[in-house]
Amino acid sequence: LPNRATQNLAGIPVRIRRSVGSGEQDLLLQALISYEARNGYTNPIPNGTKVLSTVLTDELCVVNLSQEFIGDSTTVVDAVRSIVASLCGLQCQGR
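Counting starts from 1 at the beginning of each chain's written sequence and moves along it residue by residue. pLDDT decides what is reported in this predicted model: residues at 70 or higher carry local features, side-chain atom pairs at 80 or more are listed and counted, and totals for whole chains, interfaces and linings draw on all residues regardless. Where side-chain values are given, they derive from all heavy atoms of the structure, hydrogens and water being excluded.

1. Concerning the overall build of the protein chain
For the protein chain, the helix and strand inventory stands at two helices and two strands. Helix and strand assignments follow DSSP, with helices taken as H or I runs no shorter than four residues and strands as E runs no shorter than two, numbered in order from the N terminus. When the helices and strands of the protein chain are listed from N to C terminus, the series reads α-β-β-α. For the protein chain, buried positions account for 27% of its 95 residues. Residue pairs in contact within the protein chain that sit at least 24 positions apart in sequence constitute 51% of those at least 6 positions apart. Values of accessible area rely on a 1.4 Å probe in the Shrake-Rupley scheme; residue burial ignores everything except the protein chains shown. Working note: accessible area of the protein chain is about 6500 Å², and carbon and sulfur atoms make up 51% of it. Using a 1.4 Å probe on the protein chains alone, a residue whose accessible area is under 20% of its type maximum counts as buried, one over 50% counts as exposed, and one in between counts as partly exposed. Pairs of residues are marked as contacts when any of their non-hydrogen atoms sit within 4.5 Å.

Following this line, the structure appears as structure tokens:
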């Protein structure tokens, strides 16, 4: 998530509960979307955004988000950066 003061991304540890029928990427995105701002870290993903679908094939993850995701260009850039960094983090952990 972006830090308000520095605009750098920072990893925020979260606990994700696995559920039947949901992939890791779906659970991670839900955790990211529902994160509440604290300690200087903001959630750039607009309220009301929903994950409509994710498709994971080889090295590519396609994410389809609801229309609420569209916002001003600064917010969208930070949101996309947060999503990409989070999903890449899954791959780095041995996916």
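2. Section: the nonpolar core
Joining through side-chain atoms within 4.5 Å is the link that ties buried Ala, Val, Leu, Ile, Met, Phe, Trp, Tyr and Cys residues into a set, and such a set is a nonpolar core. Leu 28, Leu 29, Leu 32, Ile 33, Ile 45, Val 51, Leu 65, Phe 69, Ala 79, Ile 83, Leu 87 and Leu 90 together form the largest nonpolar core, which totals twelve residues. At the level of elements, helix 1 (24-34) and helix 2 (73-92) are the ones that each hand at least two residues to this core.

3. A short note on the pattern of salt bridges
Salt bridges are defined as contacts in which a side-chain nitrogen from Lys or Arg sits within 4 Å of a carboxyl oxygen from Asp or Glu. By the definition in use, this model includes one salt bridge. Close ionic contact of Asp 78 with Arg 81 constitutes a salt bridge, the shortest N to O distance being 3.3 Å. In this pair, Asp 78 and Arg 81 both sit in helix 2, three residues apart, roughly one turn of the helix. For Asp 78, a relative accessible area of 12% translates into the label buried.

4. Let's talk about a nonpolar patch on the surface
A patch consists of residues exposed above 30% relative accessible area that lack any salt bridge, with like charges linked at up to 9 Å and nonpolar side chains (Val, Leu, Ile, Met, Phe, Trp, Tyr) linked at up to 5 Å. A cluster of nonpolar side chains, contributed by Val 55, Leu 60 and Val 62, occupies part of the molecular surface with about 260 Å² of accessible area. Secondary-structure assignment places Leu 60 in strand 2 (residues 60-65).

5. Focus on the state of the cysteines
Two cysteine sulfurs form what is called a disulfide whenever their separation falls within 2.5 Å. Applying the stated criterion across every chain, the model contains zero disulfides. The thiol of Cys 61 is not disulfide-bonded; the next cysteine sulfur, from Cys 88, is found 9.5 Å away. Since its relative accessible area comes to 25%, Cys 61 is described here as partly exposed. The class for Cys 88 is partly exposed, based on a relative accessible area of 39%.

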